[in-house]
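Structural description and commentary
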Amino acid sequence: MLTVEITLFGVLIGLVLGTLLAIGDIYGGNLTKGAIATYVEFFRGSPLFVQVFIAVYTVPAILNVQIDHYILAFLVFGINSAGYQKGYMKGAIQTILGDQMEAGMSVGMSKLQTLRHVILPQAYRIVIPSWTNEFCSLTKSTSTLAFVGLRDLTSAGIAIRGATYQILPVWILIGGIYLVWITGFSKIMDIIYEKKKIPGIELLMQ
């Protein structure tokens, strides 16, 4: 199902890009920080529907190339999620950075090695609740795909409504599917977080 696939893809790609953006924002120069800030403000400050619409209908026209709409939608969800996850990851990294970096370097590790083997594994544990929120948000945002001709859960509801002329029952069913999927995932992530959380350390939001 497109709704599930694009949500999972968006969260995972957003995590990878968000981590790189967070590291660049912490250690980069002014030019790098400025570019990252612009990226984040655009993708967090504009509606996801507008971003998807531009990607699907405007970018191919400007480049004069044919690009599969599904590929473009997947990419937009990933880079949009990265704009949010950058803040989560930066806050998590900075929460544990100082003492942990000193400890790693004191035993002969480089900054990169300490970041990779000490800082990031702990940061990923801290940021689990934020991943959960991001997953829930992206899942609901997939409804925007119905308005650019892509077959997600909402567009399936529109098709069923058109075929059956049943409005309220169809949307109750679609809403119920979203609710069960999001609630189930959230409960699973809550269990994982309780097992993996670091006692006494909370996320410093950015």
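Residues numbered from 1 in each chain as written. Predicted model: local features only at pLDDT ≥ 70, side-chain atom pairs only at ≥ 80, totals over all residues. Heavy atoms only, no water.

All right, on to the overall build of the protein then. On a plain count of helices and strands, the protein comes out with eight helices and zero strands. Taken from the N to the C terminus, the helices and strands of the protein come in the order α-α-α-α-α-α-α-α. Counting only C-alpha atoms, the protein reaches 70 × 45 × 20 Å along its principal axes. Sorting the 206 residues of the protein into buried and exposed places 42% on the buried side. The long-range share in the protein, meaning contacts at least 24 apart out of those at least 6 apart in sequence, stands at 78%. Accessible surface, the protein as shown: approximately 11,300 Å² in total, 67% of it carbon and sulfur. (Helix = DSSP H or I, 4+ residues; strand = E, 2+ residues; numbered from the N terminus. Buried < 20%, exposed > 50% of the residue type's maximum accessible area, 1.4 Å probe, protein only. Contact = heavy atoms within 4.5 Å. Areas by Shrake-Rupley, 256 points an atom, 1.4 Å probe, with all protein chains shown as cover.)

On to the side chain of Asn 80, then. Relative to the helices and strands, Asn 80 resides in helix 4 (residues 69-106). A residue is classified by how much of its surface remains accessible, and Asn 80, at 5% relative accessible area, is buried. At 3.1 Å, the side chain of Asn 80 and the backbone oxygen of Phe 43 are in polar contact. (Polar contact = N/O pair within 3.5 Å; in protein donor to acceptor, adjacent residues only side chain to side chain.)

Let us now look at the confidence of the model for the protein. Averaged over every residue, the pLDDT of the protein is 88; residues scoring 70 or more account for 96%. Taken element by element, the protein is modelled with least confidence in helix 7 (residues 153-164), mean pLDDT 84, and with most confidence in helix 2 (residues 30-45), mean pLDDT 94. (pLDDT = per-residue confidence, 0-100.)

Here we come to unusual backbone geometry. The backbone of Asn 64 sits at a positive phi, close to 60°, despite the residue not being glycine. Relative to the helices and strands, Asn 64 is located in the loop between helix 3 (48-63) and helix 4. Note on Asn 64: relative accessible area 69%, which makes it exposed. The phi dihedral of Tyr 165 falls on the positive side, at around 60°, and the residue is not glycine. Here Tyr 165 shows up in the loop between helix 7 and helix 8 (168-196). Of the residues examined, Tyr 165 reaches a relative accessible area of 70% and is grouped as exposed.

On to a nonpolar patch on the surface. Together, Phe 49, Val 50, Phe 53, Ile 54, Tyr 57 and Phe 147 make up a nonpolar patch on the protein surface, roughly 540 Å² of accessible area in all. Mapping Ile 54 onto the fold places it in helix 3. Classification of Ile 54 by relative accessible area gives partly exposed; the value is 35%. (Patch = residues over 30% accessible without salt bridge, like charges linked within 9 Å, V, L, I, M, F, W, Y side chains within 5 Å. Salt bridge = Lys/Arg side-chain N within 4 Å of Asp/Glu carboxyl O.)

Another point: the environment of Leu 168. Its place among the elements puts Leu 168 in helix 8. Judged by its relative accessible area of 60%, Leu 168 falls in the exposed class. Along the chain, Leu 168 and Ile 128 lie 40 residues apart, while their C-alpha atoms are 35 Å from each other.

Attention now goes to the packing of aromatic side chains. A full pass over the atoms with the stated rule returns ten aromatic pairs. Relative to Tyr 57, the ring of Phe 53 has its centre 4.9 Å away and its plane inclined at 55°; by these criteria the two rings are tilted. Pair noted here: Phe 53 and Tyr 57 are both in helix 3, with a separation of four residues, about one helical turn. Between Tyr 124 and Trp 131, the ring centres sit 6.0 Å apart and the planes meet at 35°, which makes this aromatic pair tilted. Residue Trp 131 is classed as buried on the basis of its relative accessible area, which comes to 18%. Clustering of aromatic rings is evident, with ring pairs tying together Phe 49, Phe 53, Tyr 57 and Phe 147. (Phe/Tyr/Trp six-rings, centres within 6.5 Å; stacked < 30°, edge-to-face > 60°.)

Time to look at the pattern of salt bridges. Enumeration over the complete set of coordinates arrives at three salt bridges. Note that Lys 90 and Asp 25 form a salt bridge whose closest N and O atoms lie 2.8 Å from each other. Separated by 65 residues along the polypeptide, Lys 90 in helix 4 and Asp 25 in helix 1 (residues 2-27) bring together distant segments of the chain. An identical accessibility class is assigned to Lys 90 and Asp 25; each is buried.

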